[in-house]
Amino acid sequence: MAITKSSLGAVLVDTVYVDSAATNTARFVVTTGATFYQVDIDNTANSDAVYVKVFDLAAGVTPGTTDPNFIFKAPALTRLAYTCSAGVALTNGFGCTCVKESGTVGTTAPDNDVTMRVLLDD
């Protein structure tokens, strides 16, 4: 379980966060406002779909109970990216979880590692 942060300099976004073991535990990447541009989900190691749930919160997420602002699906054995070309302002922060169920409910962690790359301007 490791999250790394890399500066991108003076481009559209200034930060890429990489979580090499995204899981059902709520992770808060940014605890203040940020603009969200992209999530890249590598689910190639799993035979089940996974759902990355994004929250505009700096804390207080209860997986399976708190309504996410966005849900992104990665089918089994795939890697794909979702891009918000104009960016989405998240005024409270950026938090996320990765589970095997869609919708608000669901707390089952992926069977194998899921790598998630998030582009933020924070």
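Below is a summary of the structure that appears in this document. Remember, predicted model here, so these are calculated numbers, not experimental data. (Residues numbered from 1 in each chain as written. Predicted model: local features only at pLDDT ≥ 70, side-chain atom pairs only at ≥ 80, totals over all residues. Heavy atoms only, no water.)

What follows covers the nonpolar core. Of all hydrophobic cores here, the largest spans 22 residues; its most connected members are F36, V39, I41, F94, V118 and L120. For this core, the secondary-structure elements that each account for two or more residues are β3 (27-30), β4 (34-42), β5 (50-55), β6 (70-74), β7 (79-90), β8 (94-99) and β9 (115-121). For this core, the leading source of residues is β4, giving 4 residues. (Core = buried A, V, L, I, M, F, W, Y, C linked by side-chain atoms within 4.5 Å. Buried < 20%, exposed > 50% of the residue type's maximum accessible area, 1.4 Å probe, protein only. Helix = DSSP H or I, 4+ residues; strand = E, 2+ residues; numbered from the N terminus.)

Let's shift gears to the pattern of salt bridges. Following the criterion strictly, the structure yields 5 salt bridges and no others. The residue D19 makes a salt bridge to R27 at a minimum N-O spacing of 2.8 Å. Of the residues examined, D19 reaches a relative accessible area of 4% and is grouped as buried. Three or more residues joined by partner-sharing salt bridges are found here, namely D40, R79 and R117. (Salt bridge = Lys/Arg side-chain N within 4 Å of Asp/Glu carboxyl O.)

All quantities given are derived from atomic positions and should not be read as evidence of function.
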